[in-house]
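Listed below are the residues making up each chain.
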Amino acid sequence: MQEAEDPTADLTNVVATLQKHYGRSSQAGFGSSVFHTPNAPPSCLLEAEALSRYRHFLGTNWEKLGEQNWLSNWGLVYERKSDAKADIVSELKSISDQNVRLSASLLLENQEDVSAATQALQNAFDHPQLKELKVFKIGDGAAMSGLLIVASIHDQGLLSLILLLD
């Protein structure tokens, strides 16, 4: 069994481990993918950045199906309060939207090494340098649904994880 990483470890290693379990930045438009934008401006708006990652992830599918379809299911479903204890697993399980909760359970439980993947998720999204975290529901309003987690990390940019399945 893999030893858990220290959540205060260098963010580069935290991101690499998260990508090992959930995939690197891609335009696959299906499955999961992790994006790290180290040079994001500190004043950027998380929702705008999340939407940008969503468009990038869908690649040519964004235009094929059309923006109106991909945005028909778009919406904020969770925002971590500034004084809340960081606990991404509990936070994902507490989301009331049924489709997002199902996507969250797949994210947490449908992994080769559930324990290591969960630890990677916690190391990234419970990171002590995390300033802001939001979860959005995504999908085409029909067969495809999923979630997008986006977080701002003090002086280290943005981190996003997308899961989109049918």
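Cut-offs applied
- The numbering scheme is per chain: residues are counted from 1 as the chain's sequence reads.
- Since the coordinates come from a predicted model, pLDDT governs what is reported: local features require at least 70, and pairs of side-chain atoms require 80 or more to be given and counted, while whole-chain, interface and lining totals use all residues.
- Heavy atoms from the whole structure form the basis of all side-chain values; hydrogens and water molecules are not counted.
- Residue exposure (1.4 Å probe, protein chains only): buried if accessible area is under 20% of the type maximum, exposed if over 50%, otherwise partly exposed.
- Segments assigned H or I by DSSP are reported as helices when at least four residues long, segments assigned E as strands when at least two residues long, and all are numbered from the N terminus.
- For two strands to count as paired, DSSP must find a minimum of two bridges between them.
- Salt bridge criterion: a side-chain nitrogen from Lys or Arg within 4 Å of a carboxyl oxygen from Asp or Glu.
- Simply put, an axis is a line fit to the C-alpha atoms, just over the touching stretch for a helix, and the angle between two N-to-C directions goes from 0 to 180 degrees.
- The aromatic pairing rule takes the rings of Phe, Tyr and Trp, using the six-membered ring of Trp, and pairs them if the centres are within 6.5 Å, calling planes under 30 degrees apart stacked, those over 60 edge-to-face and the rest tilted.
- Only protein atoms enter the calculation, which uses a 1 Å grid: trapped sets of points that fit a 1.4 Å probe without letting it out are cavities, open sets showing protein on both sides within 12 Å along at least five of seven lines are pockets, and any residue with an atom within 4 Å of a point is a lining residue.
- Grid points are joined across faces, edges and corners, and a volume is the space filled by probe spheres set on the points.
- Polar here means any residue outside two lists: the nonpolar Ala, Val, Leu, Ile, Met, Phe, Trp, Tyr, Cys and Pro, and the charged Asp, Glu, Lys and Arg; Gly therefore counts as polar.

Caption draft 1: Focus on the pairing of strand β5 (residues 157–165). Most of β5 sits inside the fold, with eight of its nine residues counted as buried. Note that strand β1 (residues 31–37) and β5 share seven bridges and pair antiparallel. The residue of β5 that forms the bridge with Ser 32 is Leu 163. Here strand β4 (residues 145–153) pairs with β5 via nine bridges, running antiparallel. From the neighbouring strand, Ile 153 faces β5, where its bridge partner is Gly 157.

Caption draft 2: Representation of the pattern of salt bridges within the structure. Taken as a whole, this structure holds seven salt bridges when the rule is applied. Between Lys 134 and Glu 79 there is a salt bridge whose closest N-O contact spans 3.9 Å. Here Glu 79 lies in strand β2 (residues 75–79) and Lys 134 lies in strand β3 (residues 130–139), a separation of 55 residues in the sequence. Exposure remark for Lys 134: the relative accessible area of 13% places this residue in the buried category. For Arg 80, the salt bridge goes to Asp 126, with nearest N and O atoms at 3.4 Å.

Caption draft 3: Focus on the sheet that holds β5. Ordered in space as β1-β5-β4-β3-β2, the five strands form an open sheet in which the pairing is antiparallel. Only two strands of the sheet have a single neighbouring strand rather than two, namely β1 and β2. Across the sheet, the mean angle from the axis of one strand to that of its neighbour is 20 degrees, orientation sign disregarded. Strand direction decides the pairing type here: β2 and β3, joined by four bridges, are antiparallel.

Caption draft 4: Representation of the packing of aromatic side chains within the structure. Under the counting rule described, the total for this entry stands at four aromatic pairs. Measuring from ring centre to ring centre gives 5.5 Å for Tyr 54 and Trp 62, while their planes differ by 85 degrees; the resulting arrangement is edge-to-face. Both residues of the pair, Tyr 54 and Trp 62, count as buried. Centre to centre, the rings of Trp 74 and Phe 136 are 4.6 Å apart; their planes meet at 10 degrees, and the pair counts as stacked. Separated by 62 residues along the polypeptide, Trp 74 in the loop between α4 (67–70) and β2 and Phe 136 in strand β3 bring together distant segments of the chain. Look at Trp 74 and you get buried, because its relative accessible area is 16%. On the accessibility criterion, Phe 136 (0% relative accessible area) is buried. In this structure an aromatic cluster arises from ring pairing among Tyr 54, Trp 62, Trp 70, Trp 74 and Phe 136.

Caption draft 5: Focus on the layout of surface pockets. Here the largest pocket defines a volume of roughly 180 Å³. Arg 80, Lys 81, Ser 82, Leu 130 and Lys 131 are, among the 14 residues lining the largest pocket, the residues nearest its centre. Here the element with the most residues in the lining of the largest pocket is β3; it accounts for four residues. Partitioning the lining of the largest pocket into residue classes produces five nonpolar, two polar and seven charged.

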